[in-house]
Amino acid sequence: MSASTYTVRAGTSASTGSVAGVGTAVKFILRRNWLRLLIWAAVLAVMIPIVYGSQQEAFPTQAARDAYAQVANTPAVAAMTGLPYAAGSLGGILVIKIWMTLAVALGFASIFLVTRNGRADEEAGRTELLRSAALGRHAYSVANYLVAGSLSVLTGLLISLLCLSLSLPSDGSWTMGASIAGTGLSFVAVSAICGQLATTSRGANSLAVALLALFYFIRAGADLQANGTNPSALSWFSPIGWAQNMRSFGENNWWPLLALLGLAVLGCALALRMESRRDLGAGVLPERGGPATASAFICAPLGLVLRLQRASLLGWFIGAAVAGLFFGSVAKAMASVLDPNNPFAQSFVGTGDNMLDEVMGIFVLFNGLLAGAFAIQTLAGARSEEESGRLESQLAGSLSRFGWLWAHVLVAGVGSVVMLLVGGYLSGASSQGAATGGSMAAASFGYWPAVLLMLGVLLFCQGFIPRPSTGIAWVIYGLSVMAAMFGGLFFLSEDFIKLTPFGAVPRIPAQDFALLPLVVLSVIALVLATIGFWRFRARDLRPE
């Protein structure tokens, strides 16, 4: 249902209050985002039973859990996943394995949702249309914050209920769901403020993501400075640290939730105050004046894409480097804990004789999955340019469609190679002799054909079905990740797993190198990309 429909329906009854029509705005936002909300909540929550089931198989006895607690009590684990304050229990292991991932992922979801329905709609002119008759000045923003906050609450509730269904302690189950929900709510406030500061949706997203990364690294630094399992005072400078200090399945502290809720309420109130003091379409921070003429680098399609994607590229490259260092530093410890005769270990890392090689092989797969996610997000920027209508003005001159799209593909393809090589090299270099940097870089590079296949799928969809193209690519990527990572846990056959993009690539050094799967993946990617390019050049542009 379009914004104009809602304007006609509500315009005659709207009052002049600043939040008049907030119910109508909530319905409108839910109408546009209900599927996205359900997918985010379901995907994040379903990781609880998957991870819990795997750790029950991996650590069936208390002795095995105590051994894992010794491995988890390392600086690398503390920096990546938080302090291992209850690593000797199944609930504590669950927190180590999945809490940080879920909390940060929900933070990203909150940022993207608030920006999509806030600054992006204002940038597109939709907010101005709705305000013209149907809504008060702050109604659309309040509705946006309510919907985004509801996603956090729903996700936290599902997580708690699933923990309870697994017979985990009730106090820890409710605390875990509340701590993750609190993280999401805090970043609703952060992204709301960023949406008022920035002038564009790209700027709002970049600023909010940068703050999330800053808070994550502050939390990591605090955990590295911890006294045993007691966090340092630095953790209180990060909302992620506040949520982590609720210590689910440990002390189960509820009072940090008050700080998270306070930040959410005060942050959204501040954003509304800022909204009342600025013009519609403007940001609080003034736009920086640029040079009178663009440089030759920016005038080129490739230069423009690099300029627009530079913050995202930097973030992904730093993430790949940090992940590579982490993987290498814990490889030997993980290999010493996992039992090669354990069914979970066999389904997760493989059935080879050398457990260390199997662990290094799964870490190489992680590098490939990171590069695949980067490639999809980067190429999805091309569709964003088309949706916003900016592509039409770019093509009005001498720039060809092929040259414009090729620049995006080149950045995604070459950038993924850099991620694979950097992540692989650092994982080998930090592995304390388990592998060499060069060998792990080469092994990671083997996943490039799978990454190219993801790009081919997205290009094909952008050519024929552009509107849902990004969502379809992410679904295919997610299914491939589930098959490659957890196929054994779902009792998928080895032959079926090898039919998926990332499952088809040999896990070197655990498996022997095989050229045929890489050639097949590359050929399929080339065919899909070629057809996608051809169709994109022939079809009409389709802004949202």
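Residues numbered from 1 in each chain as written. Predicted model: local features only at pLDDT ≥ 70, side-chain atom pairs only at ≥ 80, totals over all residues. Heavy atoms only, no water.

Per an unreviewed UniProt entry, the chain carries the name ABC transporter permease and comes from Paeniglutamicibacter gangotriensis.

Peer 1: Got a minute to help me understand the overall build of the chain in this structure?
Peer 2: Helix and strand counts for the chain come out as 23 helices and zero strands. Looking at the 544 residues of the chain, the share that counts as buried comes to 51%. Of the contacts formed within the chain by residues at least 6 apart in sequence, a portion of 76% connects residues at least 24 apart. When the accessible surface of the chain is split by element, carbon and sulfur atoms take 66% of a total near 23,400 Å². (Helix = DSSP H or I, 4+ residues; strand = E, 2+ residues; numbered from the N terminus. Buried < 20%, exposed > 50% of the residue type's maximum accessible area, 1.4 Å probe, protein only. Contact = heavy atoms within 4.5 Å. Areas by Shrake-Rupley, 256 points an atom, 1.4 Å probe, with all protein chains shown as cover.)

Peer 1: Help me out: how do you make sense of the packing of aromatic side chains in this one?
Peer 2: Scanning the entire structure with this criterion turns up 18 aromatic pairs. When the ring of phenylalanine 402 is compared with that of tryptophan 406, the centres are 6.4 Å apart and the planes differ by 5°; the resulting orientation is stacked. Residue phenylalanine 402 and its partner tryptophan 406 are located together in helix 18 (residues 401-429), separated by four residues, close to a single helical turn. A cation over an aromatic ring shows up here: arginine 219 above the ring of tyrosine 216, its NZ or CZ 4.8 Å from the ring centre. In this structure, arginine 401 packs its charged tip against the face of phenylalanine 536, placed 5.6 Å from the ring centre. (Phe/Tyr/Trp six-rings, centres within 6.5 Å; stacked < 30°, edge-to-face > 60°. Lys NZ or Arg CZ within 6 Å of the ring centre and 35° of its normal.)

Peer 1: What is the right way to read the pattern of salt bridges from this model?
Peer 2: Think of it this way: side chains of opposite charge can pair up when their charged atoms draw near. Taken as a whole and assessed by the stated rule, the structure comprises ten salt bridges. One network of salt bridges, with partners in common, ties together Arg383, Glu386, Glu387 and Arg539. (Salt bridge = Lys/Arg side-chain N within 4 Å of Asp/Glu carboxyl O.)

Peer 1: Even after reading the chapter, I still don't get the nonpolar core, so can you show me in this structure?
Peer 2: Formed by 130 residues in total, the largest nonpolar core has its most connected members in Leu94, Trp99, Met176, Leu379 and Phe502. Split by domain, the residues of this core number at least three in each of domain 1 (29-41 + 98-276) and domain 2 (296-538). With near-sequence residues (within four places) excluded, phenylalanine 502 lies in contact with Leu365, Gly368, Leu369, Gly372, Tyr447, Ala450, Val451, Met454, Tyr477, Ser480 and Ala484. (Core = buried A, V, L, I, M, F, W, Y, C linked by side-chain atoms within 4.5 Å. Domains from an automatic or database assignment.)

Peer 1: Any chance you could explain helix 8 (residues 139-165) here in plain terms?
Peer 2: Working note: α-helix, 3.6 residues per turn, so residues spaced by three or four point in the same direction. With 27 residues, helix 8 should cover 39 Å at 1.5 Å per step; its first-to-last C-alpha distance of 38 Å lies within 8% of that length. Just past helix 8, the residue serine 167 takes up positive phi, approximately 65°. (Expected span 1.5 Å × (residues − 1).)

Peer 1: I tried to follow the packing of helix 8 against helix 12 (residues 255-276) on my own but got confused; where do I start?
Peer 2: For any two helices packed against each other, the geometry is given by the interaxial angle and the distance between the axes. Between helix 8 and helix 12, the shortest axis-to-axis distance is 11 Å and the interhelical angle comes to 160°. Between helix 8 and helix 12, the crossing angle belongs to the class labelled roughly antiparallel. Here the hand of the crossing between helix 8 and helix 12 comes out right-handed. Side by side, helix 8 and helix 12 meet where Ser141, Val142 and Tyr145 of the first sit next to Cys268, Ala271, Leu272 and Glu275 of the second. (Axes fitted to C-alpha atoms, helices over the stretch in contact; angles between N-to-C directions. Parallel < 35°, antiparallel > 145°, perpendicular 65-115°, else oblique. Left-handed = near helix turned anticlockwise from the far one by under 90°.)

Peer 1: I would appreciate a short explanation of the packing of helix 18 against helix 23 (residues 515-538) in the present structure.
Peer 2: Look at helix 18 against helix 23: their axes get within 10 Å of each other, and the N-to-C directions meet at 140°. Between helix 18 and helix 23, the crossing angle belongs to the class labelled oblique. Helix 18 and helix 23 meet at a crossing whose hand is right-handed. Residues Arg401, Phe402, Trp404, Leu405, Trp406 and Val409 of helix 18 touch helix 23, and the partners they reach there are Phe533, Phe536 and Arg537. In terms of residue class, the contact of helix 18 with helix 23 is made up of seven nonpolar, no polar and two charged. (Nonpolar A, V, L, I, M, F, W, Y, C, P; charged D, E, K, R; others polar.)

Peer 1: What am I meant to see in the side chain of glutamate 385 here?
Peer 2: The topology assignment puts glutamate 385 in helix 16 (residues 355-388). Glutamate 385 gets classed as buried once you look at its relative accessible area, which sits at 3%. Here the side chain of glutamate 385 touches glutamine 394 through a polar contact of 3.0 Å, side chain to side chain. (Polar contact = N/O pair within 3.5 Å; in protein donor to acceptor, adjacent residues only side chain to side chain.)

Peer 1: Please explain a nonpolar patch on the surface as it appears in this structure.
Peer 2: There is a patch of nonpolar side chains on the surface, built from Phe464, Ile465, Phe513, Leu515, Val519, Val523, Val527, Ile531 and Trp534 and spanning about 840 Å² of accessible area. Here the nonpolar patch takes six residues from helix 23, the largest share from any one element. If you trace the backbone, phenylalanine 464 turns up in helix 20 (residues 448-464). (Patch = residues over 30% accessible without salt bridge, like charges linked within 9 Å, V, L, I, M, F, W, Y side chains within 5 Å.)

Peer 1: Explain the environment of arginine 542 here, please?
Peer 2: Among the secondary structure elements, arginine 542 is positioned in the segment after helix 23. Along the sequence, arginine 542 and proline 466 sit 76 residues apart, while their C-alpha atoms lie 7.5 Å from each other. Aside from chain neighbours lying at most four places away, what touches arginine 542 is Arg383, Glu386, Phe464, Pro466, Arg467 and Arg535.

Peer 1: Would you explain the environment of serine 54 in this entry?
Peer 2: Take serine 54: it is sitting in helix 2 (residues 22-58). Under the relative-accessibility criterion, serine 54 is labelled buried at 8%. Taking the C-alpha atoms as reference, serine 54 lies 9.9 Å from leucine 94; in sequence the two are 40 residues apart.

Peer 1: I tried to follow helix 19 (residues 437-445) on my own but got confused; where do I start?
Peer 2: Within helix 19, burial applies to Gly437, Met440, Ala441, Ala443 and Ser444. All buried residues of helix 19 lie within an arc of 160° about the axis, which places them on one face of the element. Tucked into the core, helix 19 has its buried residues touching helix 16, helix 18 and helix 20. (Arc of directions from axis to C-beta.)

Peer 1: I would appreciate a short explanation of unusual backbone geometry in the present structure.
Peer 2: Most peptide bonds take the trans form, and the phi angle of most residues other than glycine is negative. In the segment running from isoleucine 508 into proline 509, the intervening peptide bond is cis, with an omega of 10°. Among the secondary structure elements, proline 509 is positioned in the loop between helix 22 (494-497) and helix 23. In the Ramachandran plot, arginine 247 falls in the positive-phi region, its phi being about 50° despite a non-glycine side chain. Of note in the backbone geometry, phenylalanine 249 takes a positive phi value of approximately 65° without being a glycine.

Peer 1: When you look at the confidence of the model for the chain in this model, what are you seeing that I'm missing?
Peer 2: For any part of a model where pLDDT is low, the fine detail of the predicted coordinates should not be relied upon. Looking at the chain, pLDDT values average 84 and 88% of them are 70 or higher. Considering only residues more than four positions removed or in separate chains, one finds that residues 6-16, a stretch of pLDDT under 50, has 21 contacts. (pLDDT = per-residue confidence, 0-100.)

Peer 1: Can you help me understand the side chain of arginine 539 in this one?
Peer 2: Looking at the element boundaries, arginine 539 is found in the segment after helix 23. By relative accessible area, which is 3% here, arginine 539 ends up buried. Engagement of the side chain of arginine 539 in a polar contact is seen with the side chain of glutamate 386, the distance being 2.8 Å. If near-sequence neighbours (up to four positions away) are discounted, arginine 539 is found in contact with Glu386, Arg401, Gln462, Gly463 and Pro466.

Peer 1: Would you explain the environment of phenylalanine 464 in this entry?
Peer 2: When its relative accessible area of 33% is taken as the criterion, phenylalanine 464 is described as partly exposed. Taking the C-alpha atoms as reference points, phenylalanine 464 and isoleucine 531, separated by 67 residues in sequence, lie 9.3 Å from one another. Sequence-distant contacts of phenylalanine 464, defined by excluding residues within four places in its chain, comprise Ile531, Trp534, Arg535 and Arg542.

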